[in-house]
Amino acid sequence: MKLNELIKIIKRLYREHIKRHLNRILLALVLSLVVAGSTASTAWLLDPAVKKIFIEQDKTLAWLIPIWIVLAFASKGISLYFARINIIKVSNIIGGELQKRIADVMLRADIETLDNRHSGKYISNIQFDCTAVQMLVGTGVLNLMKDSFSLIALIYLMFYQNWKLASFAIFMMPLAIFFAKNLGKRIGKVQGEAGELAGNFTSFLTEIFKASKMIRIYQKEEAEKKNAESFIDKLVKKNIKIGSVLIRATPIMETLTGFMIAGFIFYSGKLISAGELEINNFFSFLAAMMLAYQPIRSLATINIVAYQGAAAAKRIFVVTDNPIETKNDKNFPNLKIDKCNIKFENINFHYTNTKEKAVEKINFEIKGGSMTAFVGHSGAGKSTIINLLPRFYEPQEGKIFIDQQNIHNVSLYSLRRNISLVSQDVILFDDTVKNNIAYADPKASQSEIIEACKFAAADEFIDKLPDGYETFIGENGVRLSGGQKQRISIARAILKKSPIILLDEATSSLDSESEQIVQNAITNLTKNKTTLVIAHRLSTIHNAEQIFVLKNGFIIGSGNHDSLMKSSNEYKSLYEKQLK
Ligand SMILES: Nc1ncnc2c1ncn2[C@@H]1O[C@H](COP(=O)(O)OP(=O)(O)OP(=O)(O)O)[C@@H](O)[C@H]1O
Ligand SMILES: [Mg+2]
């Protein structure tokens with residue numbers, strides 16, 4: 001990372017996050033001045049201490065000076081404490097603000113954007129990168145203020161005690177800065193690589209937890225263990241690298257300090273014998289120089305924190321800049337549902353990461369309140385069509401209407417408010433049964449929830465669970481059977497009371513008894529609703545008023561079951577091979 005890029009990122013952090021907390025930072029700045037003043041006065045006090053107490057043996061000052069020393073140290077400690085408290089608050093709040101920004105982007109992002117980036121990378125942005133920026137704002141800003149003020153005060157004191165000696169010491173300083181300068185750049189690069197690795201590792205971890213059963217049945221424990229080890233080894237290597245680059249400053253700085261002190265003592269000896277330096281000035285000067293060591297070291301390495309934080313901020317900004325959201329104009333009118341007729345007009349759509357169209361020249365009309373089924377081989381484009389209606393994906397060409405209103409020209413909120421979705425793979429939260437169902441309507445009363453469950457034929461089994469509606473169902477409902485999960489997701493869709501239902505029937509077959517129960521639940525869900533269903537079940541097909549047959553993204557036939565059996569060979573073969 002180049003210096004001007006670093007400055008650009010820090011300026012941006014200042015504008016967007018730090019500026020708001022300027023009062024706390026200014027307070028820390030004032031307190032840093034107190035710290036600097038107190039530090040310098042502790043060194044200065046050695047001058048009168050040596051002269052008045054040791055040489056002149058002044059009785060009053062003999063007890064006054066020790067008191068001043070205590071006061072100086074106490075004032076340094078107290079002001080440093082309050083400066084740190086303020087900075088701790090600011091930096092943690094800013095870290096949190098960045099995390100909120102990423103979380104917000106993730107929640108609003110266009111589904112297609114999320115499809116194209118692994119969730120683990122977002123998690124790593126939230127966890128590691130925000131912490132690095134927090135370090136930059138916290139440690140970086142405070143040390144910059146505190147240490148540069150202290151250094152200025154101490155240098156001033158050094159000149160006050162003896163300008164010749166001070167000039168000599170100042171002459172040594174640029175050397176130290178020269179050695180530390182390249183360190184920051186180097187660390188920024190290594191840190192960037194480590195951040196990338198951490199992101200990949202988090203992705204890997206989320207996957208091995210999700211795939212726990214697959215790993216065991218395909219007996220990939222050894223292979224995955226090797227993968228994990230290789231990830232961890234790479235990370236360990238990078239972190240060792242970061243650690244060792246970080247401390248690379250130590251030997252150089254220590255040796256330089258040695259040179260400085262050696263030269264200083266040699267030169268002081270000459271000045272004292274020439275009568276140009278008093279012993280009391282010498283001690284005070286020595287103290288100031290020793291005290292200057294810490295701020296110099298901290299300032300020389302401050303660019304490391306800065307580069308680390310800036311590299312992390314850069315990764316965060318990549319995510320938060322130009323968040324790709326579904327187009328959602330606040331001024332658009334709400335969708336008004338009348339009969340709930342739906343029309344697809346010349347729809348062409350391809351996923352951004354593929355060239356080939358997923359669906360092509362799609363034209364159809366659906367009468368409100370009826371059930372429409374889509375059938376076709378796997379990959380024919382059935383789920384794609386259904387996903388276009390709530391605008392999870394945007395077609396490149398064509399229009400979709402609900403009651404003559406183009407769904408692109410109504411508010412997204414009102415569009416999605418009117419659609420329920422029961423997806424192919426059931427998605428449940430690690431929460432209670434009740435909360436999973438109430439997700440559709442958090443204000444729903446207990447009796448409304450129970451009613452929805454009765455419709456979904458779920459009430460009976462829920463009552464038998466250990467804590468009834470308050471039972472925790474585990475990650476994605478692991479503690480429930482497949483059919484039970486489906487019925488909970490149906491109850492949730494019922495509770496939403498939306499006029500349009502999208503139903504991507506699960507392909508996994510249930511035994512005929514559960515099949516019947518789930519089927520009844522679906523019949524209750526879709527009664528008098530405009531339903532678009534991807535049918536895998538025979539009974540659904542028979543209930544559908546209209547059926548569309550899809551092949552390779554095209555609609556190649558439509559009608560009801562009886563007419564399609566006569567007119568469409570594709571349908572006939574699908575029916576005979578798959579639906580039966
Ligand atoms: N997120 C995606 N990114 C890229 N291509 C996709 C994506 N989802 C689906 N596709 C592709 O689009 C085509 C249609 O997929 P779709 O999911 O609509 O099929 P489907 O008819 O629902 O199949 P199934 O019965 O197996 O669920 C397929 O060729 C598939 O590879
Ligand atoms: Mg599908």
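Details of the structure are given in the entry above.
The notes below deal with the structure included here. (Residues numbered from 1 in each chain as written. Chains lettered and ligands numbered in written order. Predicted model: local features only at pLDDT ≥ 70, side-chain atom pairs only at ≥ 80, totals over all residues.)

**Section: the overall build of the protein chain**
1) Next: In terms of helices and strands, the protein chain carries 22 helices and ten strands.
2) Next: Scaling as 2.2 N^0.38, a compact globule of 580 residues should have a C-alpha radius of gyration of about 25 Å, whereas the protein chain reaches 35 Å, well beyond that.
3) Next: Split into buried and exposed, the 580 residues of the protein chain put 35% on the buried side.
4) Next: For the protein chain, contacts bridging at least 24 residues in sequence account for 81% of all contacts bridging at least 6. (Helix = DSSP H or I, 4+ residues; strand = E, 2+ residues; numbered from the N terminus. Rg over C-alpha atoms; globule rule 2.2 N^0.38 Å. Buried ≥ 20, exposed ≤ 12 C-beta atoms within 10 Å, placed from the backbone. Contact = placed C-beta atoms within 7 Å.)

**A few points about the sheet that holds strand β3 (residues 371-376)**
1) Next: Pairing is mixed in the open sheet, where six strands are placed in the order β6-β7-β8-β3-β9-β10. Strand pairing shows two members of the sheet lacking a second neighbour, β6 (419-422) and β10 (554-559), which therefore form its edges. On average, adjacent strands in this sheet sit at an angle of 20° to one another, irrespective of strand direction.
2) Next: Pairing of strand β7 (residues 500-504) with strand β8 (residues 530-534), which is carried by five bridges, proceeds in the parallel orientation. Along β8, the bridge assignment pairs Asp 504 with Ile 534. (Pairing = 2+ DSSP bridges. Axes fitted to C-alpha atoms, helices over the stretch in contact; angles between N-to-C directions.)

**Digging into the site of ligand 1**
1) Next: By nearness alone, 13 residues border ligand 1, and Tyr 351, Ser 378, Lys 382, Ser 383 and Thr 384 come closest of all.
2) Next: Broken down by element, the residue count for the shell around ligand 1 peaks at three residues, all from helix α13 (residues 382-388).
3) Next: A class-by-class count of the residues in the shell around ligand 1 yields three nonpolar, eight polar and two charged. (Near = placed C-beta within 6 Å. Nonpolar A, V, L, I, M, F, W, Y, C, P; charged D, E, K, R; others polar.)

**A short note on the packing of helix α2 (residues 22-44) against helix α6 (residues 119-161)**
1) Next: Remark: α2 packs on α6, axes separated minimally by 8 Å, with the N-to-C direction vectors making an angle of 35°. At the point where α2 passes α6, the crossing takes the right-handed sense. Along its contact with α2, which presents Ile 25, Ala 28, Leu 29, Ser 32, Leu 33, Val 35, Ala 36, Gly 37, Thr 39, Ala 40, Ala 43 and Trp 44, the element α6 presents Val 141, Leu 142, Met 145, Lys 146, Phe 149, Ser 150, Ile 152, Ala 153, Leu 154 and Leu 157.
2) Next: Here the residues of the contact of α2 with α6 sort into 17 nonpolar, four polar and one charged. (Left-handed = near helix turned anticlockwise from the far one by under 90°.)

**Quick word on unusual backbone geometry**
1) Next: Even without being glycine, Arg 391 reaches a positive phi, approximately 60°.
2) Next: Residue Arg 391 is classed as buried on the basis of its 21 C-beta neighbours within 10 Å.
3) Next: A positive phi is found at Asn 552, a non-glycine position, where the angle reads about 45°.
4) Next: Summarising the element assignment, Asn 552 is placed in the loop between β9 (546-551) and β10.

**Focus: helix α4 (residues 59-108)**
Because an α-helix completes one turn every 3.6 residues, residues spaced three or four positions apart along the sequence face the same direction.
1) Next: The terminal C-alpha atoms of α4, which comprises 50 residues, lie 75 Å apart, in line with the 74 Å expected from a rise of 1.5 Å per residue.
2) Next: The elements touched by buried residues of α4 are α1 (3-18), α2, α6 and α12 (302-320). (Expected span 1.5 Å × (residues − 1).)

**Focus on the sheet that holds strand β4 (residues 397-402)**
1) Next: The strand order β2-β1-β4-β5 describes an open sheet built from four strands, whose pairing is antiparallel. With one partner strand each, in any of the chains shown, β2 (359-366) and β5 (405-406) form the two edges of the open sheet.
2) Next: Where strand β1 (residues 342-349) meets β2, five bridges bridge the pair, whose relative direction is antiparallel. Each bridged residue has a counterpart across the sheet, and for Phe 344 the counterpart in β2 is Phe 364.

**Considering the pairing of β1**
1) Next: Here five bridges tie β1 to β4, and the two strands are oriented antiparallel to one another. Each residue of the ladder has a partner; that of Phe 344, found in β4, is Ile 400.

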